[in-house]
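Results of the structural survey
In case you want the letters, here they are:
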Amino acid sequence: SKLHNLVQNFLSENQLSESHILGIGLGVQGLVSPDGSKITYGKILNCTGLQIQLFSDYFSFPCKFIHDAECASNQELLANPQLCDAIYLSLGYHLGGAIIINRILQNGLTGKTGTFEHMTLIPDGMECYCGKTGCADCYCSGSFLLTQNMELDEFFYQKEHNNVPCQKKWEEYLAYLSRLINNLHMVLEIPIILGGRIGTYITNEDLEWIKKRVTNLSAFHEDASYITLGTCCHEAISAGAALPFIQDFLNTMIF
């Protein structure tokens with residue numbers, strides 16, 4: 001296993017043993033069982049039904065799968081001690097989401113809470129990888145922005161260098177994202193955090209544009225200052241996958 005070799009190299013380089021490791025969290029693009037032992041819906045990676053034993057059998061410490069948006073939310077919570085309630089949108093090559101109430105991630109009965117990516121944003125719209133049409137993922141993810149063989153860095157480089165098609169595509173993207181934000185705020189009147197890879201490219205000017213758009217879309221024409229940018233966009237999934245093990249360890253400590 002490549003993962004096993006990486007871990008062994010890490011332990012060797014830092015003169016550690018496996019007893020020093022609390023566990024390994026594997027951030028995945030897919031829905032995960034409440035105990036983190038199985039991927040219950042993994043259509044993007046074609047891994048539905050994958051069991052954690054495939055990895056944990058190589059180690060003497062626990063391993064678990066964690067939904068990637070949940071990982072990013074964990075890191076956001078760590079960086080923001082004052083954060084209590086929020087909707088977190090992970091904007092990347094695919095869209096993900098999470099709901100935080102009283103600093104606790106809401107998973108629902110089977111782990112589907114926060115799957116905003118499969119809310120119908122445009123009835124009878126583009127076909128989603130899930131098989132439905134018009135899902136928010138079709139319009140609020142990197143796949144909407146990119147042409148074939150283009151990466152996000154290249155798209156935003158072209159946009160910043162006055163590539164008109166890219167600039168128009170970005171405006172369309174922000175308009176669809178604003179519609180999704182307004183819909184979510186109508187359901188839960190709590191702050192909305194824009195994170196993920198695409199979140200790093202949203203400028204303050206873009207954010208103000210989104211706020212004005214959402215205000216105009218809202219039935220109440222209310223102030224949209226509840227929309228903010230995430231503070232943890234770099235390596236947030238990797239760091240956030242480790243945090244549950246650290247938190248469980250700290251909860252057992254007596255100070």
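Just so you know, these numbers come straight off a predicted model, no measurement behind them.

Considerations on the packing of helix α3 (residues 68–79) against helix α10 (residues 236–252)
Relative to each other, α3 and α10 sit at 80°, their axes nearing to 7 Å. Taken as axis vectors, α3 and α10 run roughly perpendicular relative to one another. Residues D68, C71, A72, N74, Q75 and L78 of α3 form the contact with α10, whose own contacting residues are A236, I237, A239, G240, A241, L243 and P244. When its residues are assigned to classes, the contact of α3 with α10 shows nine nonpolar, three polar and one charged.

Here's the deal with the nonpolar core
Counting 41 residues, the largest nonpolar core has L89, L145, I181 and L194 as the members making the most contacts within it. Listed by contribution, the elements that provide at least two residues to this core are β5 (86–91), β6 (95–101), α4 (136–139), α5 (142–145), α6 (152–160), α7 (164–187), β8 (192–195) and α9 (204–217). Broken down by element, the residue count for this core peaks at eight residues, all from α7. Residues I21, V28, I39 and I52 belong to the second largest nonpolar core, which totals 14 residues.

Points about the side chain of N74
Its location among the elements puts N74 in helix α3. Its relative accessible area of 13% is what places N74 among the buried residues. The residues contacting N74, other than those within four sequence positions of it, are L105, G240, L243 and P244.

Quick notes on the sheet that holds strand β9 (residues 227–229)
Spatially, β7-β6-β5-β8-β9 is the arrangement adopted by the five strands of the open sheet, whose pairing is mixed. Where the open sheet ends on each side, the last strands, each with one partner, are β7 (104–105) and β9. Taken strand by strand, α3 contacts β5, β6, β7 and β8, and its axis lies near 45° from that of β6. Across the sheet, α7 lies against β5, β6, β8 and β9, angled at about 155° from β5, the strand it touches most.

What counts as what
- Residues numbered from 1 in each chain as written.
- Predicted model: local features only at pLDDT ≥ 70, side-chain atom pairs only at ≥ 80, totals over all residues.
- Heavy atoms only, no water.
- Axes fitted to C-alpha atoms, helices over the stretch in contact; angles between N-to-C directions.
- Helix = DSSP H or I, 4+ residues; strand = E, 2+ residues; numbered from the N terminus.
- Parallel < 35°, antiparallel > 145°, perpendicular 65-115°, else oblique.
- Contact = heavy atoms within 4.5 Å.
- Nonpolar A, V, L, I, M, F, W, Y, C, P; charged D, E, K, R; others polar.
- Core = buried A, V, L, I, M, F, W, Y, C linked by side-chain atoms within 4.5 Å.
- Buried < 20%, exposed > 50% of the residue type's maximum accessible area, 1.4 Å probe, protein only.
- Pairing = 2+ DSSP bridges.

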